[in-house]
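Structure at a glance
Given next are the chains, with one letter for each unit.
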Amino acid sequence: MADAPKASTPDNRRRTGDAADDRQSAAVRHAIRSELAVDAPADDARTAKQSSEQSVVELQHVSLAFDVPIIEDISFVTCEGETMAIVGESGTGKSTILKLVLRLLVPDRGCVLIDGEDITPLSFEEALVVRQKMGMVFQGSALFDSMSVFENVAYPLREHTEMNEDEIAQRVREKLQFVDLEADRVMEQLPSELSGGMKKRVGIARGMANNPRIMLYDEPTSGLDPLTTGTIMRLIMKLQRELGVTSLVVSHDIRAVFRMASKVALLQDRRITFLGTPEEMAASEDRYIQDFLGGFSS
Amino acid sequence: MAVSGTGLALSGLDCRTRYDHPYTRLSALLTRLNDAAKSKVLTLQEYFVLAGKSLRFIFARPFYGQDAVQQMDEIGVKSLGIVILTGLFTGMVLALQSSVQLKTFGASIYIGNLVSASMIRELGPVLAGLMVAGRVGSGIAAQLGSMRVTEQIDALNTLGTDPIKKLVTPRLIAALVMLPVLTIINDFVGIIGGNIIASLVLGLPSAMYWRTVWVQIANDGFALRFFPNDFIQGLTKPVVFGGLIAVTACYFGLGTTGGTEGVGQSTTRTVVTSSILILIVDYFITQVLLSVLTYG
């Protein structure tokens, strides 16, 4: 499945050509390998979950263009319990892939399979049903600002379940506690009264309220301080470890990705040019990958 | 999508340097016109699809009754002040201006007829519509526009909710119900405004004024021997205007792109488009109703 790393472009070579950059890249790769080595619990979780091979999210030769091509011939498989990360520069179509998985967008060519079912020919109403299998955490949290935290987390429960008010309150409390928030303190607050990290956590609680089997994260750690980034990362790993959720993470935070992902796809020039484990990515000799990994630390 | 795609390709075509031939230039111009026309038709199609869907969802589960009631408060109750002020001063100025003309003919006694006919048939619905378009239409467009740019609309979709059902239909129901209510209040306050001026300026007794108001309504005839023709005109219009305002505001709000600047543009477009639509549609409704209803 893994595509061969693409040859470096002249532009890449220009950017990474000198010896100083090579030394820096080597140092960064060493740092990343150390990161992989010390992160034993996450590593265990990754390998433990790799045993199951049932495809949950699969893209087959997907292409999409608006006025200009956005992504071309994207293929990958995410199996049950895996955490797949999609990385790449800004504007390479990473978030578009999430929208395709959610069927907010329909590909021009290729198909998107959820649990083996092709969702591209589904009607709008049928797609709404498929989306209930998935929980999405948006880059800006996208909490409904006219509703309290409680109402936000309770929203999918009110929409799609027959739960009574007591059961809903219990579930909301449970989910808020799962994301390390004091339920009593935050429940009645409005999203505008929360910090960025808290909003993100409420976003995760809302995404997982309905106990979905698939979680999608769009830049879950962007704009957060290192401590909050760590908290969010631990949450994502906890979800995967404790509940066996299949996750798709779009990010350009390489350090976070290397800690939580079992598989990494690198998007470059609208295509996937690398697909493999974080270890394989760190060991890659490809110039662009070295540059990409090096870029984050400089 | 295809339309704008062609437009983009066209802009990259440098006719003057490489294809400086009258036929090529004409062809490019025609293609551009074709694209512009297609884009307008597409806009119109999207508008009617939104209107059709939101109307259909009034009768489809799940019902968001609480949202509709909340919107009735936003659209109706909170617009009361502005509508009362508009109605009062319109009725007063109408009576004041007419009093000068009517005095010339010694027909001051007919001031009630003039004010009631003008308010109920035309000014009440149109002014209430314009006021609501300005106050509520802009608010809806700004709210939905902000929800679009902060990904809240996408969040609704991903949570398995149809944004049209959740956001557009409750606003449409609220506007369809509340605009006629606001219009009735506007008409009534306007006629009271006329009464004030008739008493103060012309010294006409209130009883006489209200009698001429009723005579005017009765003279304009009844539909099915019961419902005054003036009321049919005066209540058909606000229902249509309510629908126009809600759908236009939601259309521009949901179609917002380009961040906060886009929200501002959607708001402006909503107010301008719905105001113009109200005035144009008003003419056509009047034309149709005057030919359908039997006056006199």
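Keep in mind that what you see is a predicted model, and the values were worked out from it rather than measured. (Residues numbered from 1 in each chain as written. Chains lettered and ligands numbered in written order. Predicted model: local features only at pLDDT ≥ 70, side-chain atom pairs only at ≥ 80, totals over all residues. Heavy atoms only, no water.)

Details of the interface of chain A and chain B
With 26 residues of chain A in contact, the opposing surface of chain B contributes 20 residues. Roughly 1900 Å² is buried in total at the junction of chain A and chain B, and carbon and sulfur atoms are behind 58% of that figure. Interface area lost by chain A to chain B is led by Asp67(A), Phe144(A) and Tyr155(A), which between them contribute 25%. At the boundary of chain A with chain B, the tally comes to 1 salt bridge. A salt bridge links Lys99(A) to Asp154(B); the shortest N-O distance between them is 3.7 Å. The interface formed by chain A and chain B holds 6 residue pairs in polar contact (both at pLDDT 80 or more) in total. Considering every element that reaches the side of chain A that touches chain B, the biggest residue donor is helix H6 (residues 149-160) of chain A, with 4 residues. The residue inventory of the side of chain A that touches chain B, partitioned by class, reads 16 nonpolar, 3 polar and 7 charged. (Contact = heavy atoms within 4.5 Å. Buried area = accessible area lost by both parts, 1.4 Å probe. Salt bridge = Lys/Arg side-chain N within 4 Å of Asp/Glu carboxyl O. Polar contact = N/O pair within 3.5 Å; in protein donor to acceptor, adjacent residues only side chain to side chain. Helix = DSSP H or I, 4+ residues; strand = E, 2+ residues; numbered from the N terminus. Nonpolar A, V, L, I, M, F, W, Y, C, P; charged D, E, K, R; others polar.)

Let's talk about the nonpolar core
Formed by 79 residues in total, the largest nonpolar core has its most connected members in Val57(A), Leu59(A), Phe76(A), Leu216(A) and Leu248(A). Sort the elements by how many residues they give to this core and helix H10 (residues 229-254) of chain B lands first, with 10 residues. Look past the residues within four positions of Leu248(A) in its chain and what remains in contact with it is Val57(A), Phe76(A), Thr78(A), Met84(A), Ile86(A), Leu98(A), Val101(A), Met215(A), Leu216(A) and Tyr217(A). Counting residues in hydrophobic clusters, the runner-up holds 36 residues, among them Val137(A), Met187(A), Met215(A) and Leu235(A). (Core = buried A, V, L, I, M, F, W, Y, C linked by side-chain atoms within 4.5 Å. Buried < 20%, exposed > 50% of the residue type's maximum accessible area, 1.4 Å probe, protein only.)

Some details on the pattern of salt bridges
All names here are of chain A. Applying the stated criterion across every chain, the model contains 20 salt bridges over all chains. Arg 271 is the salt-bridge partner of Glu 72, the closest N and O atoms lying 2.9 Å from each other. Residue Glu 72 is found in strand E2 (residues 69-79), and its partner Arg 271 is found in strand E10 (residues 271-276); the two are separated by 199 residues along the sequence. On the basis of relative accessible area, Glu 72 is assigned to the buried category, the value being 18%. By sharing partners, the salt bridges in this structure join Glu 80, Asp 115, Lys 133 and Arg 213 into a single network.

As for the packing of aromatic side chains
All told, the structure shown has 9 aromatic pairs over all chains when counted by the stated rule. Here Tyr47(B) and Phe48(B) contribute two aromatic rings whose centre-to-centre distance is 5.8 Å and whose plane-to-plane angle is 85°, an arrangement assigned as edge-to-face. For Phe48(B), a relative accessible area of 55% puts it in the exposed group. Taking 6.3 Å as the distance between ring centres and 80° as the angle between the ring planes, the aromatic pair formed by Phe227(B) and Phe231(B) counts as edge-to-face. Taken together, Tyr47(B), Phe48(B), Tyr251(B) and Phe252(B) form an aromatic cluster joined through their ring pairs. It is Arg131(A) that lies over the ring of Phe124(A); its NZ or CZ is 5.8 Å from the centre. For the cation-ring pair, Lys53(B) lies above Phe124(A), with the distance from its terminal atom to the ring centre recorded as 5.2 Å. (Phe/Tyr/Trp six-rings, centres within 6.5 Å; stacked < 30°, edge-to-face > 60°. Lys NZ or Arg CZ within 6 Å of the ring centre and 35° of its normal.)

Considering the pairing of strand E1 (residues 55-65) of chain A
Residue and element names in this part refer to chain A. Counting buried residues along E1, 8 of its 11 residues qualify, which places the element largely inside the surrounding structure. As judged from the 7 bridges shared by E1 and E2, these two strands associate in the antiparallel manner. Its bridge partner lying in E2, Leu 64 is registered against Ile 71. The hairpin turn running from E1 into E2, its antiparallel successor, is 3 residues long. Note: E1 against strand E4 (residues 109-114), 5 bridges, orientation antiparallel. Looking at the pairing, Val 57 lines up with Ile 114 of E4. (Pairing = 2+ DSSP bridges.)

Digging into helix H9 (residues 206-219) of chain B
An α-helical turn contains 3.6 residues, so a residue and the one three or four places further along point in the same direction. All names here are of chain B. The terminal C-alpha atoms of H9, which comprises 14 residues, lie 20 Å apart, in line with the 20 Å expected from a rise of 1.5 Å per residue. The complete set of buried residues in H9 reads Tyr 209, Thr 212, Val 213, Gln 216 and Ile 217. Projected onto a plane normal to the axis of H9, the buried residues spread over an arc of 140° and lie on a single side. Within H9, the exposed residues directed more than 90 degrees away from the buried face are Ala 207 and Arg 211. On its buried side, H9 packs onto helix H6 (111-149), helix H8 (163-200), strand E2 (227-228) and H10. Note on H9: the residue one or two positions beyond its end, Gly 221, has a positive phi of about 90°. (Expected span 1.5 Å × (residues − 1). Arc of directions from axis to C-beta.)

Examining unusual backbone geometry
Cis geometry is found at the peptide bond from Arg61(B) to Pro62(B), where omega equals -10°. Residue placement: Pro62(B) occurs in the loop between helix H3 (22-56) and helix H4 (65-75). In this structure, Asp115(A) is a non-glycine residue whose phi angle is positive, near 50°. Structurally, Asp115(A) can be placed in the loop between E4 and strand E5 (117-118). Residue Asp115(A) is classed as partly exposed on the basis of its relative accessible area, which comes to 25%. The residue Ser141(A) is not glycine, and still its phi comes out positive at about 70°. The residue Ser141(A) is located in the loop between strand E6 (134-137) and H6 in this model.

A closer look at a nonpolar patch on the surface
Residues and elements named next belong to chain B. A contiguous nonpolar surface patch, about 500 Å² in accessible area, is contributed by Val 272, Ile 276, Ile 280, Tyr 283 and Phe 284. Following the sequence through the fold, Ile 280 ends up in helix H11 (residues 259-292). By relative accessible area, Ile 280 is classed as partly exposed at 44%. (Patch = residues over 30% accessible without salt bridge, like charges linked within 9 Å, V, L, I, M, F, W, Y side chains within 5 Å. Areas by Shrake-Rupley, 256 points an atom, 1.4 Å probe, with all protein chains shown as cover.)

Some words on the packing of H8(B) against H9(B)
Helix-helix packing is characterised by the crossing angle of the two axes and by the distance between the axes. Residues and elements named next belong to chain B. Axis separation between H8 and H9 bottoms out at 10 Å; the angle between their running directions is 135°. Judged by the angle between their axes, H8 and H9 are oblique. You can see that H8 and H9 cross each other, and the crossing is right-handed. On H9, the residues that touch Phe 188, Ile 191, Ile 192, Gly 194, Asn 195, Ala 198 and Ser 199 of H8 are Ser 206, Tyr 209, Trp 210 and Val 213. Among the residues forming the contact of H8 with H9, the class breakdown is 7 nonpolar, 4 polar and no charged. (Axes fitted to C-alpha atoms, helices over the stretch in contact; angles between N-to-C directions. Parallel < 35°, antiparallel > 145°, perpendicular 65-115°, else oblique. Left-handed = near helix turned anticlockwise from the far one by under 90°.)

Comments concerning the confidence of the model for chain A
Residue and element names in this part refer to chain A. For chain A, the mean per-residue pLDDT works out to 81, and 81% of the residues sit at or above 70. The weakest mean pLDDT in chain A belongs to helix H1 (residues 10-16) at 42; the strongest belongs to strand E7 (residues 214-218) at 93. Note that residues 37-51 has pLDDT below 50 and, in this model, 20 contacts with residues that lie over four places away or in other chains. (pLDDT = per-residue confidence, 0-100.)

Remarks on the sheet that holds E7(A)
All names here are of chain A. With mixed pairing, 6 strands are arranged side by side in an open sheet as E6-E7-E8-E3-E9-E10. In the strand order of this sheet, the two ends are held by E6 and E10, each with one partner. For this sheet, the mean angle separating the axes of adjacent strands, direction not counted, is 15°. Bridging between strand E3 (residues 83-88) and strand E9 (residues 263-268) involves 5 bridges; their strand directions are parallel. If you follow Met 84 over to E9, its bridge partner there is Lys 263.

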